[in-house]
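# Structure at a glance
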Amino acid sequence: MTSSDTAPAGAPPTSGEQPAWHRWTAVAAVHVVFVVLWEVAVRVFEIQSFILPAPSKVLATLGNSNYRWLSNTGVTAIEVFGGYALGLVLGILCALLFITSKRLMLLAFPLLVTLNMIPKVALGPLIIVWFSYGIGPNILITFSLCFFPILLTTIRGLNETEPDLLNLVRALKGSRWQLFRYIQLPGSLPYVFSGMKVATILAVAGAVVGEFIASDKGLGYLMIQVQASLDTPAVFMAVLLITGLGVLLYLLVLLLERLFITQDARIQ
């Protein structure tokens, strides 16, 4: 038995494992160095701002009220988080339905796979025809990208439950709800969170694609507007804000994962 096996649960990390704040400090330092090198390179090589603006010029666009950064960021945030939440709820519910009914799994799941193969950009014009354009249709586009990864990983997680545990609960006259609540759900959480992490990236892409296709507000819409005038600093600022929304959503998923499942059970 090694010393790490006998260490108490609240003990500090061993010499081979860095504390969490060390890792976060290293990540922040890498980003800061990258921004500094970017600023220096633009100034040294005198790169024109419409090709590659310096970070200082990108940040300066936040002071321009014509861009309506706050309202446009709020619209995109609603689309990202709204579509993601809808995909999460319906993805988990559909996975539960497929697990409880093999006939439904046989009939409906192949259809969902086929529908998922349709390029979402191609669906955009149809969604606009059916639902007009605005926040609602963009949430639907975001949902269409987030739904399937969460569905797949949840189904896999529910199917990975140890058969011996299921048989034991059934032998003890456990109800279907108890079977799900105490056995299947805890065992599937690592897979669910794995799908949730993938969906965070797709949620941001879905919202921006919807705004590119047809919208009158949001960061994606703003990028189209300023691109026509070669306002590259504003384009970069919009990209940074969109990235920030994605990072915020991802960190929220990491926080929930830390709260609900142990570190050893997480899928890296």
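Residues numbered from 1 in each chain as written. Predicted model: local features only at pLDDT ≥ 70, side-chain atom pairs only at ≥ 80, totals over all residues. Heavy atoms only, no water.

## Points about the overall build of the protein
- Secondary structure assignment for the protein yields 11 helices and 0 strands.
- What you see in the protein, going N to C, is helices and strands ordered as α-α-α-α-α-α-α-α-α-α-α.
- Residues counted as buried form 36% of the 268 residues belonging to the protein.
- Contacts in the protein between residues at least 24 apart in sequence constitute 76% of all its contacts with a sequence separation of at least 6.
- Of the roughly 16,400 Å² of accessible surface on the protein, 69% is carried by carbon and sulfur atoms. (Helix = DSSP H or I, 4+ residues; strand = E, 2+ residues; numbered from the N terminus. Buried < 20%, exposed > 50% of the residue type's maximum accessible area, 1.4 Å probe, protein only. Contact = heavy atoms within 4.5 Å. Areas by Shrake-Rupley, 256 points an atom, 1.4 Å probe, with all protein chains shown as cover.)

## Considering the layout of surface pockets
- Taken as a whole, the second largest pocket spans an internal volume of roughly 390 Å³.
- Broken down by secondary-structure element, the contributors of at least two residues to the lining of the second largest pocket are α5 (102-116), α6 (120-131) and α7 (135-159).
- Residues belonging to the lining of the second largest pocket are distributed by class as follows: 11 nonpolar, 2 polar and 1 charged. (1 Å grid on protein atoms, 1.4 Å probe; cavity = no way out; pocket = protein on both sides within 12 Å on 5 of 7 lines; lining within 4 Å. Points joined across faces, edges and corners; volume = space filled by probe spheres on them. Nonpolar A, V, L, I, M, F, W, Y, C, P; charged D, E, K, R; others polar.)

## Side note on the packing of helix α4 (residues 69-100) against helix α10 (residues 219-227)
- Two numbers describe how α4 lies on α10: the axes approach to 8 Å, and their chain directions differ by 130°. Comparing their axes, α10 and α4 come out oblique. Only Leu 219, Gly 220 and Leu 222 of α10 make contact with α4, whose side of the interface consists of Trp 69, Asn 72, Thr 73 and Thr 76.
- Looking at the contact of α4 with α10, its residues break down into 3 nonpolar, 4 polar and no charged. (Axes fitted to C-alpha atoms, helices over the stretch in contact; angles between N-to-C directions. Parallel < 35°, antiparallel > 145°, perpendicular 65-115°, else oblique.)

## Points about the nonpolar core
- Counting 29 residues, the largest nonpolar core has Trp 69, Tyr 84 and Met 196 as the members making the most contacts within it.
- Sorting the residues of this core by element identifies α4, α7, α9 (176-213), α10 and α11 (232-260) as the ones contributing at least two each.
- At 9 residues, α9 tops the list of elements feeding residues into this core.
- Residues in contact with Met 196, not counting those within four places in the same chain, are Tyr 84, Leu 88, Ile 150 and Val 253.
- If you look at the next biggest cluster of nonpolar residues, it comprises 10 residues, including Phe 109, Phe 147, Leu 151 and Ile 155. (Core = buried A, V, L, I, M, F, W, Y, C linked by side-chain atoms within 4.5 Å.)

## Observations concerning a nonpolar patch on the surface
- Together, Val 32, Val 36, Val 40, Val 44 and Phe 45 make up an exposed nonpolar region whose accessible area comes to about 490 Å².
- Take Val 40: its relative accessible area is 43%, and that puts it in the partly exposed class. (Patch = residues over 30% accessible without salt bridge, like charges linked within 9 Å, V, L, I, M, F, W, Y side chains within 5 Å. Salt bridge = Lys/Arg side-chain N within 4 Å of Asp/Glu carboxyl O.)

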